[in-house]
Amino acid sequence: MKDGGMEFRPDADDPKRVHIKGGLPEGVAQAEITFRARGGWPGSRAVRRSGAEFARLSTTTLNSQGGWEITSTQLALEEAAEYIRQVRRRLEARDAEIRRRREAVDLRCPSCGADRAYIGTLGFITANTRILSDEPSRLDQHVVQQHAYRCESCGSMAYFADGYLPHPLPGGHRS
Ligand SMILES: [Zn+2]
């Protein structure tokens, strides 16, 4: 089950594992919390939270040589719960910031005053020129996806690069 940047397995009510990909402290790329009970090999096994004695936190960070480093620490159950609460708070703050940015975009056509409508993504082809020529090099072409909004009165367009904000934006009705 996914919850923003967190995934609870097998379920959120009484998980054994929590995969965390967003809302992490600075420098941590991903983290996993497993709930554990003593016994078995190698000394403890993953169990549901309700039957757990402690938790293990594994974090993946980028070290100074540019390689990935995994660190494991044992946590008390209350510390694991607090870690998850902090992740949830960071995810909520991130969502609120994205909502604020989306709502701040003005989609009104400057000529007509009407809201531009979302017409989907358009693939823009970009290219470099061939050597000593104005012709585009066939090998250097890329398609760049742009979210496009069009004024239905005058046809003027607004474009947003893919990968920044979720689209369509709230100000632009779907055509
Ligand atoms: Zn217009």
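A word on the domain arrangement of the protein
Here is step 1 of the chain: Split by domain assignment, the protein resolves into domain 1 (2-104) and domain 2 (108-175).
Here is step 2 of the chain: Centre-to-centre, using C-alpha coordinates, domain 1 lies 38 Å away from domain 2.
Here is step 3 of the chain: Residue-level contacts link four residues of domain 1 with five residues of domain 2.
Here is step 4 of the chain: With both chains or domains summed, domain 1 and domain 2 bury close to 390 Å², and 70% of this area falls on carbon and sulfur atoms.
Here is step 5 of the chain: It is Ile98, Arg101 and Arg102 in domain 1 that bury the most area against domain 2; as a group they hold 92% of the surface buried on that side.
Here is step 6 of the chain: One can count zero salt bridges joining domain 1 with domain 2.
Here is step 7 of the chain: Our count for the domain 1 to domain 2 interface comes out at two residue pairs in polar contact (both at pLDDT 80 or more).
Here is step 8 of the chain: Broken down by class, the residue content of the side of domain 1 that touches domain 2 amounts to one nonpolar, no polar and three charged.

Description of the coordination of the zinc ion
Note on metal sites: the ideal angle is 109.5 degrees for four tetrahedral donors, and 90 or 180 degrees for six octahedral donors.
Here is step 1 of the chain: Around the zinc ion, the protein contributes the donor atoms Cys109 (SG), Cys112 (SG), Cys151 (SG) and Cys154 (SG), at 2.3 to 2.4 Å from the metal centre.
Here is step 2 of the chain: Relative to the metal, the four donor atoms surrounding the zinc ion lie at angles of 105 to 113 degrees, and the coordination shape comes out tetrahedral.
Here is step 3 of the chain: Sequence spacing of the donor residues for the zinc ion, all on one chain, is C-x2-C-x38-C-x2-C.
Here is step 4 of the chain: The exposure class of cysteine 151 is buried, given its relative accessible area of 1%.

Considerations on the confidence of the model for the protein
Here is step 1 of the chain: Across the protein, the average pLDDT comes to 92, with 95% of residues at or above 70.
Here is step 2 of the chain: Mean pLDDT values over the elements of the protein span from 50, in strand β1 (residues 2-3), up to 97, in strand β3 (residues 17-20).

What counts, and at which threshold
- Residues numbered from 1 in each chain as written.
- Predicted model: local features only at pLDDT ≥ 70, side-chain atom pairs only at ≥ 80, totals over all residues.
- Heavy atoms only, no water.
- Domains from an automatic or database assignment.
- Contact = heavy atoms within 4.5 Å.
- Buried area = accessible area lost by both parts, 1.4 Å probe.
- Salt bridge = Lys/Arg side-chain N within 4 Å of Asp/Glu carboxyl O.
- Polar contact = N/O pair within 3.5 Å; in protein donor to acceptor, adjacent residues only side chain to side chain.
- Nonpolar A, V, L, I, M, F, W, Y, C, P; charged D, E, K, R; others polar.
- Donors = N, O, S within 2.8 Å, 3.2 Å for Na, K, Ca; no water.
- Tetrahedral: all angles 85-135°; square planar, octahedral: opposite > 155°, others 65-115°.
- Buried < 20%, exposed > 50% of the residue type's maximum accessible area, 1.4 Å probe, protein only.
- pLDDT = per-residue confidence, 0-100.
- Helix = DSSP H or I, 4+ residues; strand = E, 2+ residues; numbered from the N terminus.

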